[in-house]
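Structural overview for review
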Amino acid sequence: MSAQSHLRSLVICINFLVLESVVIPSSYAQELPPFKTFTSEIYNGSNQNWDISQAESGDIYVANNEGLLAYNGSTWQIYPVPNNTIVRAVRAIESRIYTGCYMDFGYWQKDANGELFYTSISKDLEAPMIEDEHIWRIFSLDNYVLFQSLNRVYIHNTQSLHTSYLDTDGIFKMYELDGVFYFQDTQKRVYKIKNGQIELVKAFVGFNQYNIISLFQIDKGLLILTEKDGFFKLQDDTISPWKTALDDVLGGLSIYNAIRLNDGSIMIGTISKGLIQLDPQGMLILELDKNLGLENNTVLSLFEDANQNVWAGLDNGVAVININAPVKFFNDKDGSIGAVYANVEFNDRLYLGTNQGLFVSTDSKRTSFEFVKGTNGQVWSLFVHDNVLFCGHNEGTFVVNGSGSAKISDFPGTWNFQTVPEKDGFILQGNYTGLSYLQKIDNNWKFGGVFEGFDISARYLEREDQNTYWINHEYKGIYKLSLDFDTYQVINAALDTVMNKGIHSGLTRYRNQIIYSYKEGVFTKNKGAPNFKRDSVLSAVWDSAKNYISGKIIVDSNDNLWAFNSRYVNLVRPNSIGNAYRMEQLPLASNLRNLVTNFENISQTSEGVYVLGTNNGYLTLETDNFKNPQTSIRIETAQLMGRFRDSTVKVFDKPYAFEPQFNAANFSFTTPVYDAYLVTEYQHRMRGAGDGQWSDWSKDHTANYANLNDGDYEFEVRSRQGDVLSENVASFTFRINTPWFRSTVAYIFYILGFAALIAFVHNLYTNYYRKQRERLIVENEKQLAVKQLEAERQIVQLRNESLRQAVESKNKELAISTMAMIKKNELLNTIKKELQKHTDQDNSKGVKEVTEIIDQNLLNKKEWKVFEEAFNNTDKDFITKLKTKHPSLTSNDVRLCSFLRLNLSSKEIAPLLNISPRSVEIKRYRLRKKMELDSSVNLSNYILQI
């Protein structure tokens, strides 16, 4: 072999060893009960929590560094003590919450408004408390409450209200057993308080090298738990060690406190190792520390509530552990195991098939798992047959033996296994690409071959009869196959066209029926029946379509059916008579169980105990102990809100009435249940508002209503865990008063006011119309006057028009007359000129006479006077204005101006004046001089403008 080949082989070996080293390491954990932790950020207080108690209401009270913490199952609230010091002790007794702190002790009680108020007992002491004194524990017996500090025991009589005290030499711890109080002093001597006196317990003399944490009553003696040395028994005045699992766990660690639980086990709180629980025989039941989810490893206080939940006050936080819960969780926190796809118990060992390989428990308590060698990769199924464990794997099929394995098939992707009753030593397999089979040859299982004629993934494979099989493919649908086991052929593969395909659908065989399940319900097919039919009883496992998450239904070894929805794990048991079913709903919500969706897997490990694989380990269910608790609900606060202020109610013993401004309501409510594996849901309604229907179920512990009108209302709320309703319906009755503006008196005032308004409006309208009528009269009179003026104006216009027409007529007459004068003078001048031509002729005397007559007619003053009068009538006051403006003008000048006023030319004026046109121009020139007109002024225009 070449050097290169050697190098390649070496690299492959190294890679294999590295891969094995990654997945092989075992994982240490344990099956834990459900628990919940509360950090200081959640409860809004300080880190340290020194004591815990529970009131009759079910509320939890915690002694915290910043005061008294109260938890009602939904919300936390803190109440600082008046002197703002650390509260180290708390004890709920009837309706009072007693607390002890630095230099004070007393009790809290609710007032008439439901608010907690504090009453100090120590302030009434006959002698003051010791300087820097703290109250560390509180006990009660009959009518007495005992407050223990490090130096005294204060005894308060709740009837007489008298408080006395016992002085000691110092107290390390105080304990109560069957009404007798014991304490160990700083010298590690043990005393008891009897008849109000302190007595030394002689049985403990010589046991002074140990700090005693707790005392427990046992048969014929006491059980003593020490700080660092474990348990001792005191019997017949003899103290001897009691060997328990605690001796192996402690390793020098310190114990801070311990309590005995109702089931007889002992819960121990340590300084640095969290919680340890021992059974009555001293065997280890539980270890819970920070690595497993506890908030802190130092446990300062322990308390068991009314529902047997254990509360732990930590150095940082508070935890509640449901130790008796029917469900326990194995959480693979470091991820070395992975998501579990299959599980089975075989040869008293639990096998987990995961996405990282196959793992097997190393002990009966399943505290650790080791990797089954050779199974790296995805495991799909585990199957036990013929006392052999088969592993269906991504790479094929393995036979498992203890923590080892042997691959018997390389045909990839083995989904499941089916035995064939007619063929011994034969197993049918569903694979990624069809069907294959295994055969037992020479007492060894081997791969037989592949069924030809079908190459679709056969994850769900179920037998109907000898040769008929059904396969479900969630993306393609349901196939009916006819198999020939002689030729290993799929003779026929028919897709069922009636049934719908469905995502996350499932297929299984139950009681000779093929069951197909998907979101729309569960459908069954009997042997020989033509089609699937919906089974109304089994379909109820989905509860409703919105709760559907997976259609996978599992048949366990006891012939029970398992189905899963978002709210329940459904267990369907067959009735002993007939084919009926009995359905049980285990209220474990999907977010808590954290299963691998549509790859749910479950197997029985013991009577009534089942293992379910999860995404990070597994959980166990004790079906016989899975009971829904009967709970009650109460309203915590009712807050009515107005525009300017709010009103809060905490006591609901009577109907309340609120002012009209409060038109919105906010309610908070709770069911004091502290089971971490149960989901509490609430439903509410408001009678008197809208249709008053119940709301949808919700985890929200508040309800809000807005725009409430006046009237009577009743708010109701109820809760449920699983399908069990609370035993009561809490209610709050209230009324929103009618606003004053809608009261009877207001309506009377409205009627009177409306009547007065009508009268006022009537009077207003009467006055208005009267004034309007008067205004109309005045307006009409004005309009009439205007019309009269208009008529008079029109008359004047008509008169002026008439005058204008008369003037125009006169002007026409004047023009005609003027023209006539011009024509006459022109004619006379013409005749005169003709006569002057004959002056030397005969009868010259006669011509001369005629000429004189003509001259007389040309210069006829009478005609001029008529003309001047007509002119004045036409152009009134012109001559007067002219003479006023130019007084130097002669009559001839005035006459020339008149002719110019008539817009006559010089040629036209010349005949009228019996002169030549040249003479007229001269006269015009002289007239301009007399009028002193500038040469740029037109004479005719000037005269026309006068």
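Below or above, wherever it landed, is the structure these notes cover. In this text, all values refer to a predicted model and were calculated from it rather than measured experimentally.

Here the focus is the side chain of Ser122. In this structure, Ser122 sits in the loop between strand S10 (116-120) and strand S11 (135-141). Residue Ser122 is classed as buried on the basis of its relative accessible area of 11%.

In this section: helix H8 (residues 878-885). The complete set of buried residues in H8 reads Phe878, Ile879 and Leu882. Along the axis of H8, the buried residues cluster in a sector spanning 95°; they form a single face. Away from its buried face, by an angle of more than 90 degrees, H8 presents the exposed residues Thr880 and Thr884.

Moving on: the pattern of salt bridges. For the coordinates displayed, the defined rule picks out 31 salt bridges. Between Arg685 and Glu716 there is a salt bridge whose closest N-O contact spans 2.7 Å. With a gap of 31 residues between them, Arg685 in strand S62 (residues 680-687) and Glu716 in strand S64 (residues 711-721) connect regions that are remote in the sequence. The residues Arg685 and Glu716 share a single accessibility class, namely buried. Here Arg735 makes a salt bridge to Asp712, at a shortest N to O gap of 3.0 Å. Note that Arg735 is positioned in strand S66 (residues 730-736) and Asp712 in strand S64, a separation of 23 residues in sequence. Exposure remark for Asp712: the relative accessible area of 55% places this residue in the exposed category. Each of Arg567, Glu681, Arg720 and Asp723 takes part in salt bridges that share partners, so that together they form one network.

Next up on the list: the packing of helix H9 (residues 891-901) against helix H11 (residues 917-931). For the pair H9 and H11, the least separation of the axes is 11 Å and the interaxial angle reads 105°. With respect to H11, the element H9 is oriented roughly perpendicular. Residues Asp893, Leu896, Cys897 and Leu900 of H9 touch H11, and the partners they reach there are Val920, Lys923, Arg924, Leu927, Lys930 and Met931. Per-class residue counts for the contact of H9 with H11 are six nonpolar, no polar and four charged.

Taken together, the four strands give an open sheet; going across it, the order is S3-S4-S5-S6, and neighbouring strands pair in antiparallel fashion. Each edge of the sheet is formed by a strand with only one pairing partner; in this case those strands are strand S3 (49-54) and strand S6 (76-79). Each strand axis lies, on average, 20° off the axis of its neighbour in the sheet, ignoring direction. Relative to strand S5 (residues 67-71), strand S4 (residues 60-64) runs antiparallel, the two being bridged by five bridges. Its bridge partner lying in S5, Tyr61 is registered against Ala70.

Considering the arrangement of structural elements, one finds Lys837 in helix H5 (residues 744-837). In this structure, the C-alpha to C-alpha distance between Lys837 and Gly353, residues 484 residues apart in sequence, is 167 Å.

What follows deals with the environment of Ile854. One can find Ile854 in helix H6 (residues 844-858). Distance from Ile854 to Leu828, taken between C-alpha atoms, is 6.0 Å for residues 26 residues apart in sequence. In this structure Ile854 touches Leu828, Ile831, Lys832 and Leu835, once residues within four positions along its chain are discounted.

What links the strands of a sheet is backbone hydrogen bonding, and the strands pair in either a parallel or an antiparallel sense. In space, the four strands of this open sheet follow the order S51-S52-S53-S54, with antiparallel pairing throughout. Across the chains shown, the open sheet's two edge strands, defined by having one partner strand only, are strand S51 (554-555) and strand S54 (581-586). Pairing between strand S53 (residues 569-574) and S54: six bridges, direction antiparallel. Within the sheet, the bridge partner assigned to Leu571 lies in S54 and is Glu584.

Right, let's talk about the packing of aromatic side chains for a bit. Following the criterion strictly, the structure yields 74 aromatic pairs and no others. Measuring from centroid to centroid gives 6.4 Å for Tyr516 and Phe532, while their planes differ by 65°, and the two rings are edge-to-face. Taken together, the residues span a long stretch of sequence, with Tyr516 in strand S48 (residues 513-518) and Phe532 in the loop between strand S49 (521-526) and strand S50 (533-534) at a distance of 16 residues. Of the two residues, Tyr516 and Phe532, neither departs from the other in class, the shared state being buried. Ring centres 5.8 Å apart and planes at 85° place the aromatic pair Phe626 and Tyr677 in the edge-to-face group. Within this pair, whereas Phe626 is found in the loop between strand S57 (617-622) and strand S58 (634-641), its partner Tyr677 is found in the loop between strand S61 (664-670) and S62, the two being separated by 51 residues in sequence. Here Phe626 matches Tyr677 in class, with each residue buried. Clustering of aromatic rings is evident, with ring pairs tying together Phe652, Tyr656, Phe658, Phe662, Phe667, Phe669, Tyr682, Tyr705, Tyr713, Phe715, Phe732 and Phe734. Across the ring face of Trp50, the terminal group of Arg88 is positioned such that the distance to the ring centre comes to 4.6 Å. When the ring centre of Tyr165 is taken as reference, the NZ or CZ atom of Arg152 above it lies at 4.0 Å.

For strand S13 (residues 152-157), the tally of buried residues reaches six of six residues, placing the bulk of the element in the interior. One ladder, built from five bridges, connects strand S12 (residues 144-149) with S13; its direction is antiparallel. When the sheet's bridge partners are listed, Phe147 is paired in S13 with Tyr154. Two elements, S13 and strand S14 (residues 163-167), share five bridges in a ladder whose sense is antiparallel. Paired with Tyr154 across the strands is Tyr165, a residue of S14.

Cut-offs and rules
- For every chain, the first residue of its written sequence is number 1, and the numbers climb from 1 along that sequence.
- This being a predicted model, a pLDDT of at least 70 is required before a residue's local features are given, and a value of 80 or more before pairs of side-chain atoms are given or counted; all residues contribute to the totals for chains, interfaces and linings.
- Each side-chain value is worked out from all heavy atoms of the structure, with water and hydrogens disregarded.
- Helical segments are the DSSP runs of H or I of at least four residues, strand segments are the runs of E of at least two, and each set is numbered from the N terminus.
- Think of it in three bands: residues with accessible area under 20% of the maximum for their type are buried, residues over 50% are exposed, and the middle band is partly exposed, with areas taken using a 1.4 Å probe on protein chains only.
- An arc is given here, and it is the one of the directions from the helix axis to the C-beta atoms.
- We define a salt bridge as a side-chain nitrogen of Lys or Arg found within 4 Å of a carboxyl oxygen belonging to Asp or Glu.
- Inter-axis angles, ranging from 0 to 180 degrees, are taken between N-to-C directions of lines fitted to C-alpha atoms, where helices are fitted over the stretch in contact.
- Just so you know how the angles are binned, under 35 degrees is roughly parallel, over 145 roughly antiparallel, 65 to 115 roughly perpendicular, and the rest oblique.
- The contact criterion used is simple: two residues touch if any of their non-hydrogen atoms lie within 4.5 Å.
- Only Asp, Glu, Lys and Arg are considered charged, only Ala, Val, Leu, Ile, Met, Phe, Trp, Tyr, Cys and Pro nonpolar, and every remaining residue, Gly among them, polar.
- Each pair of strands is called paired provided DSSP finds at least two bridges between the two strands.
- Any Phe, Tyr or Trp ring, taking Trp's six-membered ring, that has another such ring centre within 6.5 Å forms a pair; planes under 30 degrees apart are called stacked, those over 60 apart edge-to-face, and the others tilted.
- Comment: the charge-over-ring label is applied if NZ (Lys) or CZ (Arg) is within 6 Å of the ring centre and within 35 degrees of the ring normal.

Function cannot be read off these values alone, since they describe shape.
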